[in-house]
2 protein chains.
Amino acid sequence: MTTSLTRSEEDHIKAIHGLQQAGTSAFTKDIADRLHTKASSVTDMLKKLAEKGLVKHAPYYGATLTTKGRRQALMLVRKHRLWETFLVQRLGFGWDEVHEVAEQLEHVGSEKLVERLDEYLGRPAFDPHGDPIPDAQGRFPERVTLPLVDCAVGERIRLVAVKDPSDSLLHLLNEKGIGIGLEAEVRARQDFDGSVELRTKQGPVHVVSGRVAEHLLMERR
Amino acid sequence: MTTSLTRSEEDHIKAIHGLQQAGTSAFTKDIADRLHTKASSVTDMLKKLAEKGLVKHAPYYGATLTTKGRRQALMLVRKHRLWETFLVQRLGFGWDEVHEVAEQLEHVGSEKLVERLDEYLGRPAFDPHGDPIPDAQGRFPERVTLPLVDCAVGERIRLVAVKDPSDSLLHLLNEKGIGIGLEAEVRARQDFDGSVELRTKQGPVHVVSGRVAEHLLMERR
DNA sequence: AATTATTTTTAGTCAAGCCTAATTTTCACC
DNA sequence: GGTGAAAATTAGGCTTGACTAAAAATAATT
């Protein structure tokens, strides 16, 4: 059962979910920035959400979602992405126009509405941005991924995970400005050393060695 | 251009619109009852809306919408009825389950969303309850009506207006419990005097004389 | 016309969510 | 280890939209 939250509570839960990576916690300042509010307001809300059992708040060390909080967050993500799918697929919105409207629609509270919408859209696994849509139990669809080193020239792909991430590898990717969600096209591949040349949507071209390309798990799009 | 209002402001505008008949004004108590709040809260809001130029507030004598307020109200009615149509027609909701959800959806603010939804639904003129949907300019669709006296036996009809309503006629209708929106089926008609027998959905049977039946404008459903 | 009942308004309070300013804590760097 | 910058928290205040209780206005009844 999912408790009924206020608009502001939901916004905070979602922000924490978005900022919190595996293991890491979300910091007050980052949450405030995301919601266009101030740190002090966030502290208030974290206390409130901690009392409700949705968030674990370690003062000065950030916040993480509890199991209960994560379930709420996943249902919000589910609603957001289903509405985005509806707006693009059925109402003909552009993929770049839907965020703000979905932001409002996701707060409409009706289990039945969400289930019916999901069904109506054909239970889509991914939204128009390519992001996965959790099911009613909060499970994400399986990703079909392959290492960048095995991608063919010309394929349009997206980075969805890094295999066995060592500190030095993450540092290298960070240096190059390569992160999860990067969308690109394979421009060239050298058989000699397995190195790959990518052109991103936004313009910059990246060249990564074969050793690196083995670790980058891509998804076709 | 329609100003952006808070949820509570919109709720009040809509309540006033719903209570206010042609000419009449909406009373504080009735607004409070409809919104499940208290009269004093409504007084506060009426002052605020009057300052914004959406409502004309005659203290102790009720409130009426200004032209600006009425435009806002019509857009809310438009959104509400379009969403109800969507829920029933596309998501398979029952006509009796949609009100609460539509109540939330109608507050989502995006002109574009409403226009696209309208288009997607095929610009419907009436919602699943048979209520007319205003267009983007706030105009209601024309009703196709015919006097009850001309309705054939077996027709399923609804009372949408009373032609040339005299006080005595309205009194008679009130006595019989016949009002706008009444849904019924024509069970019999006497050629001798034009009198008509109706059976309503809710059970009771009404018999009205030919003289009365001339004044009752019905719509097929 | 006076009294009573009802409705409306006014006055003062409260919680939710935000804010600013001041204080406390943490962390990075010398 | 001490110091300063950044971040987080606390303290106190404001606005919105609700409330209760009391006062005022209107309507109804005798």
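So, how was this worked out
- Residues numbered from 1 in each chain as written.
- Chains lettered and ligands numbered in written order.
- Predicted model: local features only at pLDDT ≥ 70, side-chain atom pairs only at ≥ 80, totals over all residues.
- Heavy atoms only, no water.
- Helix = DSSP H or I, 4+ residues; strand = E, 2+ residues; numbered from the N terminus.
- Buried < 20%, exposed > 50% of the residue type's maximum accessible area, 1.4 Å probe, protein only.
- Contact = heavy atoms within 4.5 Å.
- Areas by Shrake-Rupley, 256 points an atom, 1.4 Å probe, with all protein chains shown as cover.
- Lys, Arg positive; Asp, Glu negative; His and termini not counted.
- Charge placed at Lys NZ, Arg CZ, Asp CG, Glu CD.
- Buried area = accessible area lost by both parts, 1.4 Å probe.
- Salt bridge = Lys/Arg side-chain N within 4 Å of Asp/Glu carboxyl O.
- Pairing = 2+ DSSP bridges.
- Phe/Tyr/Trp six-rings, centres within 6.5 Å; stacked < 30°, edge-to-face > 60°.
- Domains from an automatic or database assignment.
- Near = heavy atom within 4 Å.
- Polar contact = N/O pair within 3.5 Å; in protein donor to acceptor, adjacent residues only side chain to side chain.
- Nonpolar A, V, L, I, M, F, W, Y, C, P; charged D, E, K, R; others polar.
- Axes fitted to C-alpha atoms, helices over the stretch in contact; angles between N-to-C directions.

**Describing the overall build of chain A**
Then step 1. When its secondary structure is counted, chain A shows eight helices and eight strands.
Then step 2. Seen through its principal axes, chain A has C-alpha atoms that stretch 60 × 45 × 30 Å.
Then step 3. Going through the 221 residues of chain A one by one, you find that 44% of them count as buried.
Then step 4. Looking at chain A alone, contacts between residues at least 24 apart form 59% of all its contacts between residues at least 6 apart.
Then step 5. Accessible area of chain A: about 12,000 Å², with a carbon and sulfur share of 51%.
Then step 6. Here chain A holds 32 positive side-chain charges and 33 negative ones, and the gap between their average locations is 3 Å.

**Some points on the interface of chain A and chain B**
Then step 1. Contacts between chain A and chain B engage 20 residues on the former and 20 residues on the latter.
Then step 2. Contact between chain A and chain B buries roughly 1,700 Å² in total, counting both sides, with carbon and sulfur atoms accounting for 65%.
Then step 3. On the chain A side of the interface with chain B, the three residues burying the most area are A:Leu91, A:Arg116 and A:Tyr120, jointly 29% of the side's total.
Then step 4. Inspection of the region where chain A meets chain B yields two salt bridges.
Then step 5. With its nearest N and O atoms 2.6 Å apart, the salt bridge here joins B:Glu97 to A:Lys112.
Then step 6. Contributions of two or more residues to the side of chain A that touches chain B are made by helix 4 (67–89), helix 5 (99–105) and helix 6 (111–120) of chain A.
Then step 7. The dominant element in the side of chain A that touches chain B, judged by the number of residues it contributes, is helix 6 of chain A, at five residues.

**Section: the sheet that holds strand 3 (residues 146–147) of chain A**
Residues and elements named next belong to chain A.
Then step 1. Taken in spatial order, the six strands make up an open sheet running 3-8-4-5-6-7, and their pairing is antiparallel. Edge strands, defined here as strands with exactly one partner in the open sheet, are strand 3 and strand 7 (205–208).
Then step 2. Pairing between strand 5 (residues 183–189) and strand 6 (residues 196–200): five bridges, direction antiparallel. If you follow Glu185 over to strand 6, its bridge partner there is Arg199.

**A look at the packing of aromatic side chains**
Then step 1. All chains considered together, the criterion is met by six aromatic pairs over all chains.
Then step 2. Between A:Phe86 and B:Phe86, the ring centres sit 5.2 Å apart and the planes meet at 55 degrees, which makes this aromatic pair tilted. Of this pair, A:Phe86 sits in helix 4 while B:Phe86 sits in helix 4 (residues 67–89), placing the two residues on different chains.
Then step 3. A ring pair is formed by B:Trp83 and B:Phe86, whose centres lie 5.7 Å apart and whose planes are at 80 degrees; its orientation type is edge-to-face. Residue B:Trp83 and its partner B:Phe86 are located together in helix 4, separated by three residues, close to a single helical turn. You'll find B:Trp83 and B:Phe86 in the same group, each marked buried.

**Structural notes on the environment of B:Glu106**
Then step 1. Among the secondary structure elements, B:Glu106 is positioned in the loop between helix 5 (99–105) and helix 6 (111–120).
Then step 2. Taking the C-alpha atoms as reference points, B:Glu106 and B:Ala32, separated by 74 residues in sequence, lie 20 Å from one another.

**A closer look at the domain arrangement of chain A**
Many structure descriptions define interface size as the accessible area lost when the parts assemble.
Then step 1. One can read the domain layout of chain A as domain 1 (7–65) and domain 2 (146–220).
Then step 2. Between domain 1 of chain A and domain 2 of chain A, the C-alpha centre-to-centre distance is 32 Å.

**Examining the protein's contact with DNA strand C**
Then step 1. What surrounds DNA strand C is a group of 23 residues, the closest being A:Ser8, A:Ser41, A:Lys48, B:Lys29 and B:His57.
Then step 2. At the protein interface, 78% of the atoms of DNA strand C within 4 Å belong to sugar or phosphate.
Then step 3. Measuring from a phosphate oxygen of DNA strand C, one finds a side-chain N or O atom of B:Thr28 at 3.1 Å.
Then step 4. Note that a phosphate oxygen of DNA strand C is positioned 2.6 Å from one of the side-chain N or O atoms of B:His57.
Then step 5. Sorting elements by how many residues they give to the surface near DNA strand C places helix 3 (residues 39–51) of chain A first, with five residues.
Then step 6. Class assignment for the residues of the surface near DNA strand C results in seven nonpolar, 11 polar and five charged.

**Notes on the environment of A:Gly130**
Residue and element names in this part refer to chain A.
Then step 1. With respect to the helices and strands, the residue Gly130 is situated in the loop between helix 6 and strand 3.
Then step 2. Gly130 gets classed as buried once you look at its relative accessible area, which sits at 10%.
Then step 3. When the C-alpha positions of Gly130 and Glu219 are compared, they lie 9.6 Å apart, and in sequence the two are 89 residues distant.

**Quick look at the sheet that holds strand 8 (residues 216–220) of chain B**
Residues and elements named next belong to chain B.
Then step 1. In space, the six strands of this open sheet follow the order 3-8-4-5-6-7, with antiparallel pairing throughout. One side of each edge strand has no neighbouring strand; the edge strands of this open sheet are strand 3 (146–147) and strand 7 (205–208).
Then step 2. Across three bridges, strand 4 (residues 156–162) lies against strand 5 (residues 183–189) in antiparallel orientation. The residue of strand 5 that forms the bridge with Ile157 is Ala184.
Then step 3. Packed onto the sheet, helix 7 (residues 167–176) meets strand 4, strand 7 and strand 8 and runs at close to 155 degrees relative to strand 7.

**A word on the pattern of salt bridges**
Then step 1. Per the counting criterion, the structure on display carries 36 salt bridges over all chains.
Then step 2. Among the ionic pairs, B:Glu103 bridges to B:Lys14, the shortest N-O distance being 3.2 Å. Of this pair, B:Glu103 sits in helix 5 while B:Lys14 is found in helix 1 (residues 7–19), placing the two residues 89 residues apart along the sequence.
Then step 3. Take B:Lys14: its relative accessible area is 17%, and that puts it in the buried class.
Then step 4. Because the salt bridges share partners, they merge into one network encompassing A:Arg143, A:Arg158, A:Glu183, A:Lys201 and A:Glu219.

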